[in-house]
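# Survey of secondary and tertiary structure
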Amino acid sequence: MGRYILKRIWYMIITLYVVITLTFLAMKLLPGTPFKFANRLTPTELNTLKHYYGLDQPIAVQYVRYMWNLLHGNMGGSFQFGNESVASLLFAKFPVSLDLGMEAIIIGAILGILLGIVSGLRRGTALDWGTMIFATLGISIPSFIFAGILQYCLGVMVQLFPVAGWGGPSYHVLPVTSLAVGVLAEVAIFMRTEMVEVINQDYIVTAEAKGLTRSAVVFKHAVRNALIPVVTILGPLTAAIITGSLVIESIFGIPGIGSQFVDSIVTNDYPMIMGTTELYSALFIVTILIVDILYGIIDPRIRVSGGHS
């Protein structure tokens, strides 16, 4: 297992390097300039600024310089925030996005698994149909639509929760619910499908024939095997929710990293674009590694050794 993890970490480093390189090259294709009020600057002033930030150098020179600084832990300074360190800006805002995303993932995954189990065991009943309709709506309708509905119903009409902002637990309810609905729906569908398939397997029939109780068969054999595909989608879902909550952050005025990422693209803030992309990529790759390791924990039949699974 140790050798396998080391090999995966090496692949992670290579993947991250490719992402950084492609992002750097793509960023240089963005139209416009990163400097505010560039149209009011004289050509001399503009050239002075480009020289100060090294933007007058060939792209190859800029790339080598950026990679060298990155290897020494320097992500550069943000054009948008007065040359303030990109690393400090990211670490100041990332905990908010992480908090929002993890709450949505945990709540959505737990409720989705429970709903999928019940729906799978009650296949063909009204409960099963109701679950599938709810799950289909949860996947089909974008999270920002749910956000608007929740804001109007629970924030404006009933005034039960704050419409916007980020503070105590009451501020978390509406944005977390908006994000969690999609997670719940997707997990419920996967869990329900796997439960229907697993519950008809021969080893389940054998377990029942041996006299095990219904609850023991379900939770010890059926649920454990049905969880494997769910774990597979939870990894990408976690990364997608944490890094993809920028619309929800904008709607609820949450001071996370998502809205800042959008602003950095609009203003051509090159260091901030690079730093945010690197953080998101690293998070996604690490999440995939954790999911792979969890396979062996959930299902002992899956053994990982010598780089082969």
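Residues numbered from 1 in each chain as written. Predicted model: local features only at pLDDT ≥ 70, side-chain atom pairs only at ≥ 80, totals over all residues. Heavy atoms only, no water.

## Digging into the overall build of the protein chain
Let me state the cut-off plainly: Going along the chain from the N terminus, every DSSP run of H or I of four or more residues is numbered as a helix, and every run of E of two or more is numbered as a strand. In this scheme, a residue with accessible area under 20% of its type's maximum is buried, one over 50% is exposed, and one in between is partly exposed, where area comes from a 1.4 Å probe on protein chains only.
Regarding its fold elements, the protein chain presents twelve helices and zero strands. Mapped from its N terminus to its C terminus, the protein chain presents α and β elements in the order α-α-α-α-α-α-α-α-α-α-α-α. Over its C-alpha atoms, taken along the principal directions, the protein chain stretches across nearly 85 × 60 × 30 Å. Among the 309 residues that make up the protein chain, the fraction classed as buried is 40%.

## Quick notes on the pattern of salt bridges
Just so we agree on the cut-off: Think of a salt bridge as a Lys or Arg side-chain nitrogen and an Asp or Glu carboxyl oxygen that are within 4 Å of each other.
If you walk through the whole model with that rule in mind, you get one salt bridge. Notably, a salt bridge pairs Asp-128 with Arg-192, separated by 2.7 Å at the nearest N-O pair. Linking Asp-128 in helix α5 (residues 126–140) with Arg-192 in helix α7 (residues 169–198), this pair joins segments that are 64 residues apart in sequence. Look at Asp-128 and you get buried, because its relative accessible area is 3%. Arg-192 sits in the buried class, given a relative accessible area of 18%.

## Some words on the nonpolar core
To keep things clear, this is the line we draw: Residues belong to one nonpolar core when they are buried, are Ala, Val, Leu, Ile, Met, Phe, Trp, Tyr or Cys, and are joined through side-chain atoms within 4.5 Å. Two residues form a contact once any of their heavy atoms are found within 4.5 Å.
Among the nonpolar cores identified, the biggest contains 34 residues, and Val-187, Met-191 and Met-195 are the most heavily contacted of them. For this core, the secondary structure elements donating two or more residues are α4 (86–121), α6 (143–157), α7, α8 (202–209), α9 (214–243) and α10 (246–252). In terms of residue count, α9 provides more of this core than any other element does, ten residues in total. Leave out the neighbours within four places in its chain, and Met-195 touches Gly-116, Ile-117, Gly-120, Leu-121, Val-218, Ala-222, Val-223 and Ala-226. Membership of the second largest hydrophobic core comes to 19 residues, among which are Ile-20, Phe-24, Phe-94 and Ile-273.

## Observations regarding the packing of aromatic side chains
Note the following rule: Centre distance within 6.5 Å is the pairing criterion for rings of Phe, Tyr and Trp, where only the six-membered ring of Trp is used; planes under 30 degrees apart are then read as stacked, over 60 as edge-to-face, and the remainder as tilted. Comment: the charge-over-ring label is applied if NZ (Lys) or CZ (Arg) is within 6 Å of the ring centre and within 35 degrees of the ring normal.
Tallied over the full model, the rule gives two aromatic pairs. Ring centres of Phe-24 and Tyr-63 lie 5.5 Å apart, and the angle between their planes is 65 degrees; on these two criteria the pair is classed as edge-to-face. On the criterion of sequence distance, the pair formed by Phe-24 in helix α1 (residues 2–27) and Tyr-63 in helix α3 (residues 59–71) is long-range, its members being 39 residues apart. Lys-28 extends its terminal NZ or CZ atom over the ring of Tyr-270, reaching a point 4.8 Å from the ring centre.

## A look at a nonpolar patch on the surface
The following threshold applies: Each patch is built from residues that are more than 30% exposed by relative accessible area and take part in no salt bridge. Like charges join if they lie within 9 Å; nonpolar side chains (Val, Leu, Ile, Met, Phe, Trp, Tyr) join within 5 Å. Reported accessibility uses the Shrake-Rupley method at a 1.4 Å probe radius. Residues are deemed covered only where the shown protein chains occlude them.
On the surface, a cluster of nonpolar side chains totalling about 900 Å² of accessible area is made up of Leu-6, Ile-9, Trp-10, Tyr-11, Ile-13, Ile-14, Tyr-17, Val-18 and Leu-22. By the element assignment, Ile-9 lies in helix α1. With relative accessibility at 34%, the residue Ile-9 sits in the partly exposed group.

## So, the packing of α4 against helix α11 (residues 257–266)
Put simply, the rule is: Between N-to-C directions, angles cover 0 to 180 degrees, with each direction set by a line fitted to C-alpha atoms, over the stretch in contact for helices. Roughly parallel means an angle under 35 degrees; roughly antiparallel means over 145; roughly perpendicular covers 65 to 115; every other angle is labelled oblique. Ten residues, namely Ala, Val, Leu, Ile, Met, Phe, Trp, Tyr, Cys and Pro, are considered nonpolar, four, namely Asp, Glu, Lys and Arg, are considered charged, and the remaining ones, Gly among them, are considered polar.
Put simply, α4 and α11 touch, their axes get as near as 8 Å, and they point 130 degrees apart. If you check the angle between α4 and α11, you find them oblique. Two secondary-structure elements touch here, α4 through Leu-89, Leu-90, Lys-93, Phe-94 and Ser-97 and α11 through Ile-257, Gly-258 and Gln-260. Of the residues assigned to the contact of α4 with α11, the class counts are four nonpolar, three polar and one charged.

## Looking at the side chain of Ser-119
Here Ser-119 lies in helix α4. Non-local contacts of Ser-119, meaning those with residues more than four positions away in its chain, are made with Asp-128, Thr-131, Met-132 and Arg-192.

## Brief notes about the packing of α6 against α7
Geometry of a packed helix pair, given as the angle between the helix axes and the separation of the axes. What counts is decided by this rule: For any pair of crossing helices, the crossing counts as left-handed if the nearer helix is rotated counterclockwise from the farther one by less than a right angle, and right-handed if it is rotated clockwise.
Direction vectors running N to C along α6 and α7 enclose 145 degrees, while the axes themselves pass 9 Å from each other. Relative to α7, the crossing made by α6 is right-handed. The residues of α7 that touch α6, namely those facing Ser-143, Phe-146, Ala-147, Leu-150, Gln-151 and Leu-154, are Leu-174, Thr-177, Ser-178 and Val-181. Classifying every residue of the contact of α6 with α7 by side-chain character gives six nonpolar, four polar and no charged.

## Overview of the confidence of the model for the protein chain
Detailed reading of predicted coordinates is not advised where the pLDDT is low. Applicable threshold: pLDDT measures how confident the predictor is about each residue, on a scale from 0 to 100.
In the predicted model, the protein chain carries a mean pLDDT of 82, and the fraction of residues at 70 or more is 93%. Below a pLDDT of 50 lies the segment residues 304–309, which in the model reaches eight contacts outside its immediate sequence neighbourhood of four places, other chains included.

## Regarding the environment of Ile-189
With respect to the helices and strands, Ile-189 occurs in helix α7. Spatially, the C-alpha atoms of Ile-189 and Ile-20 are 35 Å apart, while their sequence positions differ by 169 residues. Setting aside anything within four residues of it in sequence, one finds Ile-189 in contact with Met-132, Ala-135, Thr-136 and Ile-139.

## Focus on the environment of Val-86
By secondary structure assignment, the location of Val-86 is in helix α4. The exposure class assigned to Val-86 is buried, which follows from its relative accessible area of 0%. Sequence separation between Val-86 and Thr-33 is 53 residues, and the spatial gap between their C-alpha atoms is 18 Å. Non-local contacts of Val-86, meaning those with residues more than four positions away in its chain, are made with Met-75, Gly-76, Gly-77, Ser-78, Pro-271, Met-272 and Gly-275.

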